[in-house]
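# Residue-level structure breakdown
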Amino acid sequence: MRTPPVPSTVGAVIPQVPDETWQLLQDWLPDNTDPDRPVMTLATVDESGDPDARSVLLSEYDRTGLYLHTDARTRKVAQLDARPVAALVLRWPEAMRQLVVRGAVERADRAESDRAFADRSAYLQRLAWLNTPEVAQLTPEGRRTTWADFGAIHPVLDPPDTWIGYRVRPTSLTFWTGAADSVSHRREYRLDASGWRRSELPG
Ligand SMILES: Cc1cc2nc3c(=O)[nH]c(=O)nc-3n(C[C@H](O)[C@H](O)[C@H](O)COP(=O)(O)O)c2cc1C
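Presented here is an overview of the structure given in this document. (Residues numbered from 1 in each chain as written. Predicted model: local features only at pLDDT ≥ 70, side-chain atom pairs only at ≥ 80, totals over all residues. Heavy atoms only, no water.)

Let us look at the site of the ligand. In the vicinity of the ligand, the contacting residues are Val39, Arg54, Ser55, Val56, Leu57, His69, Thr70, Thr74, Arg75, Lys76 and Arg120. A distance of 2.7 Å is found between an oxygen atom of the ligand and a side-chain nitrogen or oxygen belonging to Arg54. Contact distances for the ligand include 2.9 Å between an oxygen atom and a backbone N or O atom of Leu57. Out of a free accessible area of 620 Å², the ligand has 60% covered by protein chains. A per-element tally of the shell around the ligand places strand E4 (residues 51-57) first, with four residues. Its residues assigned to classes, the shell around the ligand shows three nonpolar, four polar and four charged. (Near = heavy atom within 4 Å. Polar contact = N/O pair within 3.5 Å; in protein donor to acceptor, adjacent residues only side chain to side chain. Areas by Shrake-Rupley, 256 points an atom, 1.4 Å probe, with all protein chains shown as cover. Helix = DSSP H or I, 4+ residues; strand = E, 2+ residues; numbered from the N terminus. Nonpolar A, V, L, I, M, F, W, Y, C, P; charged D, E, K, R; others polar.)

Following the sequence through the fold, Trp176 ends up in strand E9 (residues 163-177). Taking the relative accessible area as the measure of exposure, Trp176 reaches 21% and is therefore partly exposed. Along the primary structure Trp176 and Arg187 are separated by 11 residues, whereas in three dimensions their C-alpha atoms are 6.6 Å apart. When sequence neighbours within four positions are dropped, the list of residues in contact with Trp176 reads Trp28, Met96, Arg97, Gln98, Ser184, His185, Arg186 and Gly203. (Buried < 20%, exposed > 50% of the residue type's maximum accessible area, 1.4 Å probe, protein only. Contact = heavy atoms within 4.5 Å.)

Our focus in this paragraph is the side chain of Arg37. Tracing the backbone shows Arg37 in the loop between helix H1 (19-28) and strand E3 (39-45). A distance of 3.5 Å separates a polar atom in the side chain of Arg37 from the backbone oxygen of Ser59. In this structure Arg37 touches Pro30, Asp31, Asn32, Leu57, Leu58, Ser59 and Glu60, once residues within four positions along its chain are discounted.

Right, let's talk about the pattern of salt bridges for a bit. Between side chains of opposite charge, a pair can form as their charged atoms come close. Evaluation of the coordinates by the stated rule reveals 15 salt bridges. The residue Arg187 makes a salt bridge to Glu20 at a minimum N-O spacing of 3.8 Å. With a gap of 167 residues between them, Arg187 in strand E10 (residues 185-192) and Glu20 in helix H1 connect regions that are remote in the sequence. The exposure class assigned to Arg187 is partly exposed, which follows from its relative accessible area of 27%. Accessibility expressed as a relative area gives 30% for Glu20, which makes it partly exposed. In this structure, the salt-bridge partner of Arg107 is Asp81, at a minimum N-O distance of 2.5 Å. Residue Arg107 is found in strand E8 (residues 97-107), and its partner Asp81 is found in helix H2 (residues 75-82); the two are separated by 26 residues along the sequence. Each of Glu20, Arg187, Arg198 and Glu200 takes part in salt bridges that share partners, so that together they form one network. (Salt bridge = Lys/Arg side-chain N within 4 Å of Asp/Glu carboxyl O.)

Without other data, these values stay purely geometric and don't point to any function.
See the structure below:
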């Protein structure tokens, strides 16, 4: 299980997941063009060193990582910028599957973030504009009116300045499978100084 890092087009060396892991990711995750995006639990570390977590959508993924998008004013952004590490948990209860990804985090580039915004539904695009501290202070009726008025004035939207993306570059990926007639099991891929290593672990 040794896969050398592959050079990127801009000259920096960006580690990529090995072929076998990439195959599994593609089997488990919907295609990037599928509008039904998976929900992930994103775990971060706050300024006191305490854990924090919330749900986010998986915007897209490639061999270098998993991408998520959010608002620059959120707590997760302050946390990720101060301590650029994260864990992601994705779960498919009906398939008895869980994927845990841990890794280093970096800001996604503008082209990727613009693409992710364009791929979001009209509802989620409007949400990216209106999920603000000011709107949060309004009454429920005030929020509904603001929502409708904004939609009437801006039927088509570009990303707001606060729209930002992050890539979680995996240092480990753990594929958990359950089975009604067998023991649960984990296959883990972990990146160390000499490359990717695979382990078979109890579930
Ligand atoms: C199913 C679901 C999907 C969500 N997707 C996103 C998302 O993709 N990006 C985002 O910023 N917030 C998303 N949220 C809201 C976050 O869970 C969270 O409340 C918000 O981003 C503020 O988080 P923070 O204060 O920890 O930064 C989602 C919430 C749910 C329930």
